[in-house]
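Structural features, examined
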Amino acid sequence: MQFRIITIGMVNQIYNHPGNPTLQLGAPNMFNSGDIAWVITATALVMIMTPALGFFYGGLVRLKNLVSTIVQCLAIFAVISLVWALWGYTLALGGASVGGIIGNLADLGLNNVGYAPNPGYSSAIPELLYFAFQLKFAAITPALIIGAFAERIRFKSLLIFVVLWVTLIYAPIAHWVWAVGGFLRAMGVVDFAGGLVVHTAAGVSAAAAALVIGRRRGVKRNERPNNIPYVILGAAILWFGWFGFNAGSALAADSVAVNALVVTNLAAAAGAVGWMFTEWMRKRKPSAVGISVGAVCALATITPASGYVGPMPSIIIGLAAGIVCNFVAGWRARTTLDDSLDVFACHGAGGMLGTFATGLFASTAINAAGPNGLFYGNPNQVLVQLFGIVIVAGFAFVGSYVLLRVINIFSPIRVSPREEDTGLDMSQHGEEAYA
């Protein structure tokens, strides 16, 4: 038996041969293989974040709701994968913009989405890969919201909510901010990887959800997490996956991706340290949960800025996130709002803070395609970013509140008191974490 070594040149000859069927599907005969390889890797990294979120949240709830919390994240990923392919992508990012508000139905069911690139987003990767990358963002965003109504949401109503939320709330916001022709993008609002589209939208929607569903039953004031190692594990995997989340949003293996990766790590580290010292001073002991939460808060905060700011500003942003989000969580705990896992404090406050900070620290020296911020001679960018925050936060809060009220009419969103006392693991799924 003989073996031959296949070289890159031989692969290119085969790929560019007129008989190659991919060329007959409208694909260009030249792609940047490094860009494709990186975005494929980033797509896989972002995928692992949704089950990691399940473990992060699952460790924070009471033991009787551990399984349900993790499986909610997995179920959301599966359901939204189908929604995004069938109609979500075309409404958010496919087809042509309808008045800067929503995409048309030209790409319904991934019609016209194939191996050819979409130059509006990237000319170096197939649009089908861009679809796959954006799918992971669409899936994790509603999963973030479940932390607000953890331990009391009816599973059937949750699935109805996430399908409608992605269709009616997430898709329009993604279109406004990221799509070619989106009105916020046209105004100059920048959000590199989802500070507005993902974190602000999810955070304020979580506040609306907590307001609608009401407080949990039988929760003690200082209720302890059921599994702190799960919290640490989930935070660590989220940190790992966030490199794909932010650096992958460059859609290329280039200097912007490198910068995004570096500032993501620095901000997360600063956020963990900022929360740790804040808790140390306020409570006399730094907790493992607090350090983990601080890192996640900073990751949410650096997300919109990661492609526009340098290493030193990212440390400032991360430290600010660890301190500000800590105080927001403390304030929320003194109110009657039962945002069970502080989604608003982490993702809502963090996403808005990061979007504002982008208007301060953005520099064309980091990303020539982006704007300069206030500290680089462009004070108008701060106003533009604030306008984007008001529009996205207002729409997400009101839209989510109304959506949940409507769903509750035909499918009660909260389980019965008996089911809540039993725990969602048994009442919704008939299973227990530990037999």
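Owing to the predicted nature of the structure, the values given are computational and were not obtained by experimental measurement.

**Digging into the packing of aromatic side chains**
- Under the definition given, this model contains 18 aromatic pairs.
- Where Phe 133 meets Phe 137, the ring centres are 4.9 Å apart and the plane angle is 65 degrees; that geometry is what we call edge-to-face. With Phe 133 and Phe 137 both in helix H4 (residues 127-145), this residue pair falls four residues apart, about one helical turn.
- On the accessibility criterion, Phe 133 (1% relative accessible area) is buried.
- Each ring, one from Phe 137 and one from Trp 178, has its centre 6.1 Å from the other, and the planes form 90 degrees; the classification is edge-to-face. Of the two residues, Phe 137 sits in helix H4 while Trp 178 sits in helix H5 (residues 155-178), which places them 41 residues apart along the sequence.
- Exposure remark for Phe 137: the relative accessible area of 1% places this residue in the buried category.
- Take Trp 178: its relative accessible area is 10%, and that puts it in the buried class.
- In this structure, Arg 282 is placed above the aromatic ring of Phe 327, and the distance from its NZ or CZ to the ring centre is 4.5 Å.

**Notes on helix H7 (residues 195-213)**
- When the terminal C-alpha atoms of H7 are compared, their 25 Å separation across 19 residues agrees well with the 27 Å that a helix rising 1.5 Å per residue should span.
- Taking burial as the measure, the 19 residues of H7 include 18 buried ones, the bulk of the element.
- Of the residues one or two after H7, Gly 214 is the one with positive phi, at around 85 degrees.

**Some thoughts on the confidence of the model for the protein chain**
- Put simply, the protein chain has an average pLDDT of 93, and 93% of its residues get 70 or more.
- Across residues 1-29, where pLDDT falls below 50, the model places 27 contacts with residues more than four positions away in sequence or in other chains.

**Re the pattern of salt bridges**
- In total, this model carries seven salt bridges according to the counting rule given.
- For the salt bridge of Glu 151 with Arg 62, the shortest nitrogen-to-oxygen distance reads 3.1 Å. Of this pair, Glu 151 sits in the loop between H4 and H5 while Arg 62 sits in the loop between helix H2 (33-60) and helix H3 (66-92), and the two are 89 residues apart along the sequence.
- Note that Arg 414 is salt-bridged to Glu 420, the shortest N-O span being 2.9 Å.

**Re empty space enclosed by the protein**
- Scanning all chains against the criterion turns up two cavities of 30 Å³ or more.
- The wall of the largest cavity is formed by Phe 56, Tyr 57, Leu 60, Val 293, Leu 341, Asp 342, Val 343, Cys 346 and His 347.
- Elements that contribute at least two residues to the lining of the largest cavity include exactly H2 and helix H12 (343-361).
- Here the lining of the largest cavity is composed, by residue class, of seven nonpolar, one polar and one charged.
- Space inside the second largest cavity adds up to approximately 40 Å³.
- Considering the residues around the second largest cavity, the lining is formed by Met 49, Leu 53, Ile 140, Leu 144, His 199, Leu 238, Trp 242, Val 296 and His 347.
- Of the residues belonging to the lining of the second largest cavity, the class tally is seven nonpolar, two polar and no charged.

Here is what the cut-offs are and how they apply
Residues numbered from 1 in each chain as written. Predicted model: local features only at pLDDT ≥ 70, side-chain atom pairs only at ≥ 80, totals over all residues. Heavy atoms only, no water. Phe/Tyr/Trp six-rings, centres within 6.5 Å; stacked < 30°, edge-to-face > 60°. Helix = DSSP H or I, 4+ residues; strand = E, 2+ residues; numbered from the N terminus. Buried < 20%, exposed > 50% of the residue type's maximum accessible area, 1.4 Å probe, protein only. Lys NZ or Arg CZ within 6 Å of the ring centre and 35° of its normal. Expected span 1.5 Å × (residues − 1). pLDDT = per-residue confidence, 0-100. Contact = heavy atoms within 4.5 Å. Salt bridge = Lys/Arg side-chain N within 4 Å of Asp/Glu carboxyl O. 1 Å grid on protein atoms, 1.4 Å probe; cavity = no way out; pocket = protein on both sides within 12 Å on 5 of 7 lines; lining within 4 Å. Points joined across faces, edges and corners; volume = space filled by probe spheres on them. Nonpolar A, V, L, I, M, F, W, Y, C, P; charged D, E, K, R; others polar.

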